[in-house]
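# Results of the structural survey
In case you want the letters, here they are:
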Amino acid sequence: MRVLVWNCQGAGSPLTIPQLREACNLLSPSVVFLCETKNRDKYMETVRKRLNFNHSVIVESMNRSGGMALFWKQEVKITEIHKIAFTIEAHIYIR
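About the cut-offs
Residues numbered from 1 in each chain as written. Predicted model: local features only at pLDDT ≥ 70, side-chain atom pairs only at ≥ 80, totals over all residues. Heavy atoms only, no water. Helix = DSSP H or I, 4+ residues; strand = E, 2+ residues; numbered from the N terminus. Buried < 20%, exposed > 50% of the residue type's maximum accessible area, 1.4 Å probe, protein only. Contact = heavy atoms within 4.5 Å. Phe/Tyr/Trp six-rings, centres within 6.5 Å; stacked < 30°, edge-to-face > 60°. Lys NZ or Arg CZ within 6 Å of the ring centre and 35° of its normal. Pairing = 2+ DSSP bridges. Axes fitted to C-alpha atoms, helices over the stretch in contact; angles between N-to-C directions. pLDDT = per-residue confidence, 0-100. Expected span 1.5 Å × (residues − 1). Arc of directions from axis to C-beta. Core = buried A, V, L, I, M, F, W, Y, C linked by side-chain atoms within 4.5 Å.

### Side note on the side chain of threonine 37
Mapping threonine 37 onto the fold places it in the loop between strand E2 (31-35) and helix H2 (41-50). For threonine 37, a relative accessible area of 0% corresponds to the buried category. In this view, threonine 37 contacts Cys8, Gly10, Ala11, Met44, Gly66, Gly67, Met68 and Ala69; residues no more than four positions away in its chain are not counted.

Right, here's the structure in full:
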């Protein structure tokens with residue numbers, strides 16, 4: 001299983017999504033964790049779809065700071081998810 005972790009420093013930049021797509025195409029991660037997304041969950045769901053991931057957990061940013069997103073593919077099983085303002089905790093297994 002490959003995991004991609006990226007500090008976006010704002011996922012709303014026009015270059016962020018193409019760069020993420022390129023990294024996903026090159027590395028084929030099963031799980032992607034994005035921090036400092038600085039965006040709402042609706043926008044991050046759009047990002048998830050553009051990156052071709054099946055599932056997500058999103059912590060919205062507060063006043064344009066912070067924000068996190070965890071995306072994963074179908075072959076990954078997550079049994080527990082706990083999220084609060086600055087943390088996503090997940091128990092991840094490969095099916």
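Let's pick the thread back up.
### Here we look at the packing of aromatic side chains
Counted by the stated rule, this structure contains one aromatic pair. Ring geometry for phenylalanine 53 versus phenylalanine 71: centroids 6.2 Å apart, planes at 35 degrees, classification tilted. Of the two residues, phenylalanine 53 is situated in the loop between H2 and strand E3 (55-59) and phenylalanine 71 in strand E4 (residues 68-72); the sequence distance between them amounts to 18 residues. Neither phenylalanine 53 nor phenylalanine 71 differs from the other in exposure class; each is buried. Over the ring of phenylalanine 53 we find lysine 73; its NZ or CZ atom is 4.7 Å from the centre of that ring.

### Concerning the sheet that holds E3
One open sheet holds the four strands; their spatial order is E1-E2-E4-E3, and the pairing between them is mixed. Either end of the sheet is taken by a strand with one partner, and the two such strands are strand E1 (3-7) and E3. Ignoring which end each strand starts from, the neighbouring axes of this sheet average 10 degrees apart. Relative to E2, E1 runs parallel, the two sharing five bridges.

### Quick notes on the confidence of the model for the protein chain
The predicted model of the protein chain has a mean per-residue pLDDT of 90, with 99% of residues at 70 or higher. The weakest mean pLDDT in the protein chain belongs to strand E6 (residues 87-94) at 88; the strongest belongs to E4 at 95.

### A short note on helix H1 (residues 16-27)
The first and last C-alpha atoms of H1 sit 16 Å apart over twelve residues, in line with the 16 Å expected at 1.5 Å per residue. Considered for burial, the residues of H1 that qualify are Thr16, Ile17, Leu20, Ala23 and Cys24. For H1, the angular spread of the buried residues around the axis is 125 degrees, confining them to a single face. Counted as exposed and oriented over 90 degrees from the buried face of H1: Asn25 and Leu26. Considering only its buried residues, H1 is in contact with E1, E2 and H2. Just downstream of H1, serine 28 is the residue with a positive phi angle, here 50 degrees.

### A few points about the nonpolar core
Among the nonpolar cores identified, the biggest contains 16 residues, and Val32, Leu34, Met44, Leu51 and Phe71 are the most heavily contacted of them. Listed by contribution, the elements that provide at least two residues to this core are H1, E2, H2 and E4. Broken down by element, the residue count for this core peaks at four residues, all from H1. Beyond its immediate sequence surroundings of up to four residues, valine 32 is in contact with Leu4, Cys24, Phe53, Ala69, Leu70 and Phe71. Judged by nonpolar contacts, the second largest core, of ten residues, contains Val59, Val76, Ile78 and Ile88.

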